[in-house]
Amino acid sequence: MIPESFIQDVLARTDIVSLIERYVPLKKSGANYMACCPFHNEKSASFSVSPTKQFYHCFGCGAHGTAIGFLMEYSGMSFLEAIKDLAQQAGLKVPEDDAPPVDRSQISSLLDAMGRATRFYREQLKQSPKAIEYLKQRGLTGEIAARFGIGYAPDDWQGLHTVFANDYDSLALLEAGLVIQNDTGRRYDRFRDRVMFPILDQRGNIVGFGGRVIGQGEPKYLNSPETPLFEKGRELYGLFQARQAIRESGVVVVVEGYMDVVALAQYGFGSAVATLGTATTATHIQKLFRQSEKVVFCFDGDNAGRKAARRALESCLDQLADDREVRFLFLPPEHDPDSFVREQGLEAFHRAIHDALPLSEFLLRELRSGLNLATAEDRAKLVHEAKALIPKISAPVLQLQTIRMVAQDVDMSPDEVSQALGIRAPAHSKTAPRYAGRRTAPAGPLRQLLRLLSSQPILIGALPADTLHLAGDGPEAGILQVFLDAHENNGFSASTVTALFEACQDEAQKNVLGELLQASDEGRAEEKAAKEELDGHITNLRIALIDHELAALHQRDRQGGQLSTDEKRLLVTLPAQKQALRAGQKIR
Ligand SMILES: [Zn+2]
């Protein structure tokens, strides 16, 4: 856990305008900066960055957030990664970070080596008719080859010597995995006579290479080893290039090889990425879900493909949510995505993606495979197998649906299956009506109050003592509580709201905070008028509460619920209180 104060420090030392400007050209417009939104397609600028609030907001697609949120959304970093990135730029050390400190100069010398090697390989491609012929055969144009930075490593034991010269013996080249050193200390190029696919991280840095043989030869694919830059279980080939297409299409397709990614892009399907010779990891899945709510795994129709699909399935289960969708596409046995799209065309591929098997059905298919459900033994076996998978599903409704599917298969009730799987049945919804006096926050007036407080933080001192009590127990009340805590501890200011937005774990609260941050600064009132506005909001809040309470009492009365004497009295006194409030009188 990163302490909230640290997040606040990082944000205080970051300028969101210069951060975003690195990725998106901004134009000053009044107090804010505007640009065409990087998160949706548009012709006129509706993406606005506020230097005073250190917040961005798009009026077109509703994207919004802090510097941290921008990095997460734009580069697909995790929260922690974004914090670390910004902290590092601000010269701050992340507290309680157990990872060994990263040696920046080492990283930058490795990145430099990768960059030089990439340029060399690309030059070499131009001079190799054999490699050019290979790419042409695959139907690739120069444009796509350039987009993916494809190159060629010549058939030469020390090809890189021509570009690195004396640096060929440097530590960086070895650590970057570009050369291999044998027992006698002699070095030679790792990649020889291969078509080279640079692997980019989410910032667009070249962190590794995949090399494919031309024609026959083993191994067919050779990847960079794990280096300080490159961790196979984290990176996805093509993700950097695919981000825009994924955002536009709302789906990301995971294929098995780089050639598939490139070929699909060549045929107009830009949202494909590939794992790098490893099984799909939980980190991969997290990265994918950060880019899109819909993920389709595309596997070859052979046995290896099915095994890979099974592993992908297992890594997904605890990353699922009910608004996320995972599907599995199995191509005909004779095809990989490359050959499929080339033979059948883009339309057919789109259709195949659309018709891909939903995760739940693939899961059931896996469970059923090899079983004869006419026998009690095999039905028991199915439930036994399900125990390893279904309890892991982190999407509650989908889990329930899957349990029902299993129940049908094995001729048991869903409750019995749940029990056998060790899943507690969801608690029955509370049928007893809530006591009328129990409050849910009347969100409208409370939000107006919060909005005022975040634009005029000084007013927090002028809140009546019972405000929190009035606020009830919704997300708005939670935020009010946090505001008041901040006020008591280290002072409450406009920048606190931005920092709170990042520290907030509760989605409902976060939505409210986001809305506060988007609210316009226009018409910011004078302090005296603001105090009156505050009083007005408080009064509205009291009135809204009374309305709420009255409505609940009337409803119970109508439904024949027995009202106590006290409650009956409330039916009379509450409207009077309301009238008094309206008249601007002070109630006792
Ligand atoms: Zn937008």
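How each quantity is defined
- Residues numbered from 1 in each chain as written.
- Predicted model: local features only at pLDDT ≥ 70, side-chain atom pairs only at ≥ 80, totals over all residues.
- Helix = DSSP H or I, 4+ residues; strand = E, 2+ residues; numbered from the N terminus.
- Buried ≥ 20, exposed ≤ 12 C-beta atoms within 10 Å, placed from the backbone.
- Pairing = 2+ DSSP bridges.
- pLDDT = per-residue confidence, 0-100.
- Contact = placed C-beta atoms within 7 Å.
- Domains from an automatic or database assignment.
- Axes fitted to C-alpha atoms, helices over the stretch in contact; angles between N-to-C directions.
- Core = buried A, V, L, I, M, F, W, Y, C linked by C-beta atoms within 7 Å.
- Parallel < 35°, antiparallel > 145°, perpendicular 65-115°, else oblique.
- Nonpolar A, V, L, I, M, F, W, Y, C, P; charged D, E, K, R; others polar.
- Right-handed = clockwise from strand over helix to strand, strands pointing away.
- Left-handed = near helix turned anticlockwise from the far one by under 90°.

With that settled, consider unusual backbone geometry. With an omega dihedral of -15°, the bond running from E218 to P219 counts as a cis peptide bond. Within the secondary structure, P219 sits in the loop between β10 (206-213) and β11 (221-223). In this structure, Q54 takes a positive phi of about 55° despite not being glycine. Take Q54: there are 23 C-beta atoms within 10 Å of it, and that puts it in the buried class. The phi torsion at A165 lies on the positive side, around 45°, for a residue other than glycine. Along the chain, the position of A165 falls in the loop between α8 (161-164) and α9 (171-175). Residue classification places A165 among the exposed positions, given that 9 C-beta atoms sit within 10 Å.

Moving on, we come to the pairing of strand β14 (residues 294-299). Burial analysis of β14 places six of its six residues in the buried class, the great majority of the element. Residues of β14 alternate between two faces, with K294, V296 and C298 on one and V295, F297 and F299 on the opposite face, all of them buried. Examined bridge by bridge, strand β12 (residues 252-255) and β14 share three bridges and lie parallel to one another. Considered in β14, the bridge of V254 is made with F297. Two strands pair when backbone bridges link them, and β14 and strand β15 (residues 325-330) are joined in this way by six bridges, in the parallel orientation.

Of all residues in the protein, 93% attain a pLDDT of 70 or more, and the chain-wide mean is 86. Ignoring residues within four places in sequence, the model shows residues 426-441, a span with pLDDT below 50, making 22 contacts including any to other chains.

Attention now goes to the sheet that holds strand β3 (residues 47-50). The five strands lie next to each other as β1-β2-β3-β4-β5, forming an open sheet whose pairing is antiparallel. Each end of this open sheet is capped by a strand with a single partner; those strands are β1 (27-29) and β5 (64-65). Across three bridges, the pairing between strand β2 (residues 32-35) and β3 is antiparallel. Paired with Y33 across the two strands is V49, which belongs to β3.

We now examine the domain arrangement of the protein. Once the domains are mapped, the protein shows domain 1 (4-89), domain 2 (104-223), domain 3 (239-355), domain 4 (370-420) and domain 5 (443-582). With centres defined by C-alpha atoms, the gap from domain 3 to domain 5 works out at 47 Å.

Taken in spatial order, the four strands make up an open sheet running β6-β9-β10-β11, and their pairing is antiparallel. Two strands in the sheet have a free side with no partner beyond their single neighbour: β6 (151-153) and β11. For this sheet the average axis-to-axis angle between neighbouring strands, irrespective of direction, equals 35°. In the sheet, β10 pairs with β11 via three bridges, with the strands oriented antiparallel. Its bridge partner being in β11, G210 is matched across the sheet by N223. Along the sheet, helix α5 (residues 104-126) contacts β6, β9 (194-200) and β10; its crossing angle with β6, the most-contacted strand, is approximately 95°.

This brings us to the nonpolar core. Grouped together as the largest cluster of nonpolar side chains are 91 residues, with contacts concentrated most on V254, V261, V273 and F297. For V261, the residues in contact, after removing those within four places along its chain, are Y237, G238, V255, A272, V273 and A274. With 54 residues, the next largest nonpolar core counts F39, L86, I479 and A499 among its residues.

Each packed pair of helices is defined by two parameters, the angle between the axes and the distance between the axes. Running from amino to carboxyl end, helix α11 (residues 258-266) crosses helix α14 (residues 337-354) at an angle of 25°, the nearest separation of the two axes being 8 Å. Here α11 is positioned roughly parallel relative to α14, judged by the angle of their axes. Residues M259, D260, A263 and L264 of α11 touch α14, and the partners they reach there are P337, D338, V341 and R342. Looking at the contact of α11 with α14 residue by residue, the class counts come to five nonpolar, no polar and three charged.

On a regular strand, each side chain points to the face opposite its neighbour's, so the side chains alternate between the two faces of the sheet. Neither face of β12 is open: one carries V252 and V254, the other V253 and V255, and all of them are buried. Tracing the backbone out of β12, into α11 and back to the parallel element strand β13 (residues 272-274) gives a crossover that is right-handed.

What follows deals with the environment of A274. In this structure, A274 sits in strand β13. Residues A274 and P391, spaced 117 residues apart in sequence, show a C-alpha to C-alpha distance of 28 Å. Leave out the neighbours within four places in its chain, and A274 touches L236, Y237, G238, V254, V255, E256, G257, Y258, D260 and V261.

Attention now moves to the packing of helix α22 (residues 494-503) against helix α23 (residues 507-518). At their nearest, the axes of α22 and α23 sit 9 Å apart, and the two run at 150° to each other. Classified by the angle their axes make, α22 and α23 are roughly antiparallel. In this structure, the crossing between α22 and α23 has a hand that is left-handed. Within the contact between the two elements, α22 uses V497, T498, L500 and F501 and α23 uses K510, L513, G514, L516 and L517. A breakdown of the residues in the contact of α22 with α23 according to their chemical character gives six nonpolar, two polar and one charged.

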